[in-house]
Amino acid sequence: MQFPRRIAIFGSTGSIGTQALEVIAAHPDLFEVTVLTAWKNADLLIRQAVQFQPRLVVIGEEQLYNQVKNELQQRGIRVLAGISGLEEAAAEDLYDIHIAAIVGFAGLKPTLSAIKQGKTIALANKETLVVAGEWVMQAVKNYQARIIPVDSEHSAIFQCLEGEQHNRIEKIILTASGGPFLGKKPNFLVNVKKDHALQHPNWRMGEKITIDSSSLMNKGLEMIEARWLFDLQPDQIEVVIHPQSVIHSLIQFEDGSLKAQLGLPDMKLPIQYALCYPHRIANNFPRFSFRQYPALSFETPDIKTFRNLAIAMDVLRKGGNAACVMNAANEEAVCAFLKNQIGFLDMSDVIEQTLEKVSFIPHPSLADYEESDRLARQYAQLFIDKIQRRN
Ligand code: NAD
Ligand code: MG
């Protein structure tokens with residue numbers, strides 16, 4: 001792929017989206033922004049569009065369409081709205097790389113739309129692979145699309161695989177910071193509130209992934225993401241707690257050799273790598289210093305306390321629509337926790353109970369995934385209501 005590359009950012013107003021724009025702004029000779037989308041932050045979307053002059057902008061929330069259109073159409077920027085607008089924009093031949101930076105299940109359809117165009121996807125939205133990984137990877141093959149991971153652990157594995165195409169992976173080891181509650185036990189977690197859970201020690205991210213990191217669900221989602229992305233068996237994927245977040249992940253090859261990718265915790269690095277692949281380009285990001293990190297440490301995750309990770313490991317082995325159901329229940333549970341409707345530990349209960357209710361489908365179609373997602377959200381909401389009545 002030649003430079004300059006035309007970039008579409010789906011979810012441009014979020015944590016990944018805004019950092020992607022910083023990377024792009026630092027290299028105006030290499031990149032041109034052609035599509036920007038947001039759900040409801042119309043003001044920021046308009047400011048981004050005025051600065052980067054894309055060809056097309058989509059606002060998800062349809063009530064905000066007129067506001068966005070009135071500001072941007074006079075500047076020669078096309079404006080679409082709604083979920084259909086997102087899919088339509090992803091299907092247009094306006095870009096070379098689709099940055100999938102929408103959060104949650106909502107990212108699946110626009111990403112599939114881009115895959116069907118045979119595009120390169122810089123994938124941050126892990127839920128796409130969690131929900132329908134087998135299906136998505138088959139579509140990537142069928143349409144000769146390509147996925148380059150942005151999630152830092154998967155970017156690390158992807159980078160370690162360069163030049164190793166013919167060598168078998170024995171296993172991969174995903175590192176996890178452990179989040180703000182590392183070492184805590186249920187008697188502490190039962191009382192934690194969202195403000196505490198939102199204080200991640202190493203990363204500044206959107207609210208959903210920050211809560212997922214504090215409950216270790218994020219690492220569970222990442223195990224499932226890795227299974228599909230790198231075509232691994234569930235028992236080839238391990239997790240180790242590494243509180244400094246300097247080693248971003250490791251591969252162990254058949255000869256026992258371990259290869260790792262290291263760096264400061266900064267999402268701009270994997271974002272830049274995905275946008276420039278296979279090239280590396282100079283930047284002025286802060287550099288790693290051994291003086292700042294005299295020791296790197298490792299420990300086994302406590303999956304008895306952080307039950308979400310144990311649930312995700314089961315779901316990873318089970319396959320079928322189980323991960324889709326777990327993901328939907330988790331999205332509802334996180335949303336309820338963020339509204340102080342349920343407690344931290346209740347999130348695992350909601351997910352477990354939902355998994356028991358929704359029928360298992362071993363080989364789901366795309367329609368099955370959508371129906372499983374819908375049903376799981378309904379059940380999860382019932383359990384959330386029950387917990388609220390109890391409290
Ligand atoms: P965020 O909440 O900061 O941003 C989400 C973006 O998606 C916003 O632009 C928002 O307008 C848009 N959006 C939200 N709901 C939508 C919907 N229903 N339809 C269409 N658009 C919608 O989230 P984030 O932290 O940037 O994370 C984005 C994705 O990247 C997530 O899947 C997350 O797991 C993944 N990720 C994030 C980080 C990080 O450092 N933030 C790291 C690794 C992976
Ligand atoms: Mg990650």
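Details of the structure are given in the entry above.
Residues numbered from 1 in each chain as written. Chains lettered and ligands numbered in written order. Predicted model: local features only at pLDDT ≥ 70, side-chain atom pairs only at ≥ 80, totals over all residues. Heavy atoms only, no water.

Draft legend 1. The overall build of the chain, seen in detail. A tally of helices and strands in the chain yields 16 helices and eleven strands. Residue burial in the chain is summarised as follows: out of 391 residues, 57% are buried. Within the chain, contacts between residues at least 6 apart in sequence are counted, and of these 68% link residues at least 24 apart. Once the 40 positive and 44 negative side-chain charges of the chain are each reduced to a mean point, those two points are 3 Å apart. (Helix = DSSP H or I, 4+ residues; strand = E, 2+ residues; numbered from the N terminus. Buried < 20%, exposed > 50% of the residue type's maximum accessible area, 1.4 Å probe, protein only. Contact = heavy atoms within 4.5 Å. Lys, Arg positive; Asp, Glu negative; His and termini not counted. Charge placed at Lys NZ, Arg CZ, Asp CG, Glu CD.)

Draft legend 2. Broad picture of the sheet that holds strand 8 (residues 169-176). A sheet is described by the order of its strands in space; here four strands give the open sequence 9-8-10-11, paired in mixed fashion. Among the strands making up the open sheet, the edge pair consists of strand 9 (237-241) and strand 11 (258-262). Looking at each pair of strands side by side, their axes are set apart by 20 degrees on average, direction ignored. In terms of strand pairing, strand 8 meets strand 9 through five bridges, oriented parallel. Following the sheet pairing, Leu174 is matched in strand 9 by Val239. Its contacts with the sheet put helix 7 (residues 152-161) on strand 8, strand 10 (247-253) and strand 11, and the angle it makes with strand 10 is roughly 45 degrees. Sheet contacts for helix 11 (residues 217-229): strand 8 and strand 9; angle to strand 8, the most-contacted strand, approximately 155 degrees. (Pairing = 2+ DSSP bridges. Axes fitted to C-alpha atoms, helices over the stretch in contact; angles between N-to-C directions.)

Draft legend 3. Broad picture of the sheet that holds strand 2 (residues 31-38). Read across the sheet, seven strands follow the order 4-3-2-1-5-6-7 without closing on themselves; strand pairing throughout is parallel. If you trace the sheet from one side to the other, it starts and ends with strand 4 (78-81) and strand 7 (146-149), each paired once. Direction aside, neighbouring strands of the sheet carry axes that sit 20 degrees apart on average. Of the pairings in the sheet, the one linking strand 1 (residues 5-10) to strand 5 (residues 97-100) comprises four bridges and is parallel in character. Paired with Ile7 across the two strands is Ile97, which belongs to strand 5. Along the sheet, helix 3 (residues 65-72) makes contact with strand 3 (56-59) and strand 4, crossing strand 4 at roughly 175 degrees. Where helix 6 (residues 127-142) meets the sheet, its contacts fall on strand 6 (120-123) and strand 7, and the angle it forms with strand 7 comes to roughly 140 degrees.

Draft legend 4. Structural view of the environment of Ile24. Tracing the backbone shows Ile24 in helix 1 (residues 15-25). The exposure class of Ile24 is buried, given its relative accessible area of 3%. Sequence separation between Ile24 and Ile271 is 247 residues; the distance between their C-alpha atoms is 9.8 Å. Leaving out residues up to four positions away in the same chain, Ile24 has contacts with Ile7, Ile9, Phe31, Val33, Phe52 and Leu275.

Draft legend 5. Looking closely at the nonpolar core. Judged by nonpolar contacts, the single largest core of 130 residues is most densely connected at Val136, Ile172, Leu275, Met326 and Ile342. Those residues in contact with Met326 that sit more than four places away from it in its chain are Met217, Leu221, Ile224, Ile311, Ala312, Val315, Ile351 and Leu355. (Core = buried A, V, L, I, M, F, W, Y, C linked by side-chain atoms within 4.5 Å.)

Draft legend 6. Geometry of the side chain of Ser12. Note that Ser12 resides in the loop between strand 1 and helix 1. By relative accessible area, Ser12 is classed as buried at 0%. Look past the residues within four positions of Ser12 in its chain and what remains in contact with it is Gly17, Thr18, Leu21, Leu36, Thr37, Leu45 and Gln48.

Draft legend 7. Just the site of ligand 1, in detail. Near ligand 1 lie 22 residues; those nearest to it are Thr13, Ser15, Trp39, Glu127 and Gly206. In this structure, an oxygen atom belonging to ligand 1 sits 2.6 Å away from a side-chain N or O atom of Glu127. Class assignment of the residues belonging to the shell around ligand 1 gives a composition of twelve nonpolar, seven polar and three charged. (Near = heavy atom within 4 Å. Polar contact = N/O pair within 3.5 Å; in protein donor to acceptor, adjacent residues only side chain to side chain. Nonpolar A, V, L, I, M, F, W, Y, C, P; charged D, E, K, R; others polar.)

Draft legend 8. Representation of the layout of surface pockets in the model. Roughly 630 Å³ of volume is contained in the second largest pocket. Those elements that place two or more of their residues in the lining of the second largest pocket are helix 6, strand 7, helix 7 and helix 11. With six residues, helix 6 is the largest single contributor of residues to the lining of the second largest pocket. Of the residues that constitute the lining of the second largest pocket, the class distribution is eleven nonpolar, four polar and seven charged. (1 Å grid on protein atoms, 1.4 Å probe; cavity = no way out; pocket = protein on both sides within 12 Å on 5 of 7 lines; lining within 4 Å. Points joined across faces, edges and corners; volume = space filled by probe spheres on them.)

Draft legend 9. The arrangement of helix 15 (residues 346-357) in detail. Here helix 15 is twelve residues long and its end C-alpha atoms lie 17 Å apart, about the 16 Å a rise of 1.5 Å per residue gives. Taken together, the buried positions of helix 15 are Asp346, Met347, Ser348, Val350, Ile351, Thr354 and Leu355. Looking at the packing, one finds that the buried side of helix 15 touches helix 10 (207-215), helix 11, helix 13 (307-318), helix 14 (322-338) and helix 16 (366-390). (Expected span 1.5 Å × (residues − 1).)

Draft legend 10. Examining the environment of Met217 more closely. Tracing the sequence through the fold places Met217 in helix 11. Beyond its immediate chain neighbours, meaning those up to four positions away, Met217 contacts Asp212, Asn308, Ala312, Met326, Asn330 and Ile351.

Draft legend 11. Representation of the packing of helix 10 against helix 14. Two elements in contact, helix 10 and helix 14, have axes whose closest approach is 10 Å; the angle formed by their N-to-C orientations is 100 degrees. Compared by their axis directions, helix 10 and helix 14 come out roughly perpendicular. Contacts between helix 10 and helix 14 involve Glu207, Lys208, Ile211 and Asp212 from the first element and Asn327, Asn330, Glu331, Val334, Phe337 and Leu338 from the second. Split into classes, the residues belonging to the contact of helix 10 with helix 14 amount to four nonpolar, two polar and four charged. (Parallel < 35°, antiparallel > 145°, perpendicular 65-115°, else oblique.)

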